[in-house]
Amino acid sequence: MTITVHHLNESRSQRVLLLLEELGVPYEVRRYERNRKTMLAPDALKSVHPLGKSPLVVDDDLILAESGHIIDSLIDRYGAGRLRPPPGTPDRDRYGFFLHYAEGSLAPLMLLSLVFSRLPRQMPFPLRPVARLISRGLEMQFLGPQLATHLDFLEAELSGRPWFAGNEFTGADAIMSFPLQAMLATGRLEDHPRLRDWVQRLESRPAWARAVERGGPLTFRFR
């Protein structure tokens, strides 16, 4: 068994490292750096997968892409009953929901927020006032209200349990880590104490410390 994580700095692949550390599975990390100007992944990742995105996991001869698929596949192979609730339980339903929700619903809004927050600085100087108006208008009319709705929903979800799928940390928490850490870093969790506590507890786990040691910190300085 040889697992290699093709890891991009400041990216969603950090949560794959977290999962592997929780599983206690040995793995190698091949690190890639974003372009400092565009913040895009290097073309070298396309030699692993045509889309050139991270995370990518190579498990012997199998190439895994997409965070949710990677997380579920690794738990299938190495979980031995851990990090995923039993089938046919309400916790398993919640697990499946959050495994898809993180990338299908929450991540696109987060990405739009990050992109448009950077827009004025990417424009030629004479156009920056217009770009700021566009960015602020989108934030006020669409992104802010939409993200508030999602964060209120997530805050309520944690009212009766410590983790997203139930009483135990699972792959659902691993996949939810990056978007909520980004929300915390950008000041969007000020009115959501349960979500702030969730991030703090996640980052207090020994597996998170080991993941940071292997993959580097998440600073979200690309804003």
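Refer to the preceding data block for the structure.
Residues numbered from 1 in each chain as written. Predicted model: local features only at pLDDT ≥ 70, side-chain atom pairs only at ≥ 80, totals over all residues. Heavy atoms only, no water.

**As for the sheet that holds strand β3 (residues 56-59)**
Part 1 of the reasoning: The strand order across the open sheet formed by four strands is β2-β1-β3-β4, and the pairing between neighbours is mixed. The open sheet is flanked by β2 (28-32) and β4 (62-65), the only strands paired with a single partner. Taken pair by pair, the neighbouring strands of this sheet meet at an average axis angle of 20 degrees, ignoring direction.
Part 2 of the reasoning: Sheet analysis places strand β1 (residues 3-8) next to β3, joined by four bridges and oriented antiparallel. What sits directly across from I3, in β3, is D59.
Part 3 of the reasoning: Sitting on the sheet, helix α2 (residues 67-78) is in contact with β1, β3 and β4, with an inclination near 135 degrees to β4. (Pairing = 2+ DSSP bridges. Helix = DSSP H or I, 4+ residues; strand = E, 2+ residues; numbered from the N terminus. Axes fitted to C-alpha atoms, helices over the stretch in contact; angles between N-to-C directions. Contact = heavy atoms within 4.5 Å.)

**Regarding the nonpolar core**
Part 1 of the reasoning: Counting residues in each nonpolar core, the largest one holds 54 residues, and the members touching the most others are L74, L154, F164, M176, L180 and W198.
Part 2 of the reasoning: Sorting elements by how many residues they give to this core places helix α3 (residues 90-122) first, with nine residues.
Part 3 of the reasoning: Apart from residues lying up to four places away in sequence, L154 is in contact with F98, Y101, L106, F164, M176, L180 and L195.
Part 4 of the reasoning: In this structure, L8, Y32, L45 and V48 belong to the second largest nonpolar core, which totals seven residues. (Core = buried A, V, L, I, M, F, W, Y, C linked by side-chain atoms within 4.5 Å. Buried < 20%, exposed > 50% of the residue type's maximum accessible area, 1.4 Å probe, protein only.)

**Some thoughts on unusual backbone geometry**
Negative phi characterises most residues that are not glycine, and trans characterises most peptide bonds.
Part 1 of the reasoning: Between S54 and the following residue, P55, the backbone shows a cis peptide bond with an omega angle of 15 degrees.
Part 2 of the reasoning: Here P55 shows up in the loop between β2 and β3.
Part 3 of the reasoning: A positive phi angle, close to 55 degrees, is found at D60, a residue other than glycine.
Part 4 of the reasoning: Along the chain, D60 turns up in the loop between β3 and β4.
Part 5 of the reasoning: Relative accessible area serves as the criterion here: at 46%, D60 is assigned to the partly exposed category.
Part 6 of the reasoning: The backbone of L83 sits at a positive phi, close to 65 degrees, despite the residue not being glycine.
Part 7 of the reasoning: Along the chain, L83 turns up in the loop between α2 and α3.
Part 8 of the reasoning: Judged by its relative accessible area of 12%, L83 is buried.

**A word on the side chain of R15**
Part 1 of the reasoning: Inspection of the secondary structure assignment puts R15 in helix α1 (residues 14-23).
Part 2 of the reasoning: A distance of 2.6 Å separates a polar atom in the side chain of R15 from a polar atom in the side chain of E103.
Part 3 of the reasoning: In this structure R15 touches S67, E103, A174, I175, S177, F178 and P179, once residues within four positions along its chain are discounted. (Polar contact = N/O pair within 3.5 Å; in protein donor to acceptor, adjacent residues only side chain to side chain.)

**Topic: the environment of G171**
Part 1 of the reasoning: Mapped onto the secondary structure, G171 falls in helix α5 (residues 171-185).
Part 2 of the reasoning: Linking G171 and L83, residues 88 residues apart in sequence, is a C-alpha distance of 5.5 Å.
Part 3 of the reasoning: Not counting residues up to four positions away in its chain, the partners in contact with G171 are L19, I71, I75, L83, Y95 and L99.

**Regarding the pattern of salt bridges**
Part 1 of the reasoning: Considering all chains together, one arrives at eleven salt bridges under this definition.
Part 2 of the reasoning: The closest approach of N and O atoms between R210 and E21, which form a salt bridge, is 2.9 Å. With R210 in helix α7 (residues 206-215) and E21 in helix α1, the pair connects residues that are 189 residues apart, well separated along the chain.
Part 3 of the reasoning: Classification of E21 by relative accessible area gives buried; the value is 13%.
Part 4 of the reasoning: Ionic pairing is found between R94 and D91, a salt bridge with its closest N-O pair at 2.3 Å. One end of the pair is R94 and the other is D91, both in helix α3 and three residues apart, which spans about a single turn.
Part 5 of the reasoning: In this structure R94 comes out as partly exposed when scored by relative accessible area, which is 24%.
Part 6 of the reasoning: Residues joined by salt bridges that share partners form a network here, namely R12, R15 and E103. (Salt bridge = Lys/Arg side-chain N within 4 Å of Asp/Glu carboxyl O.)

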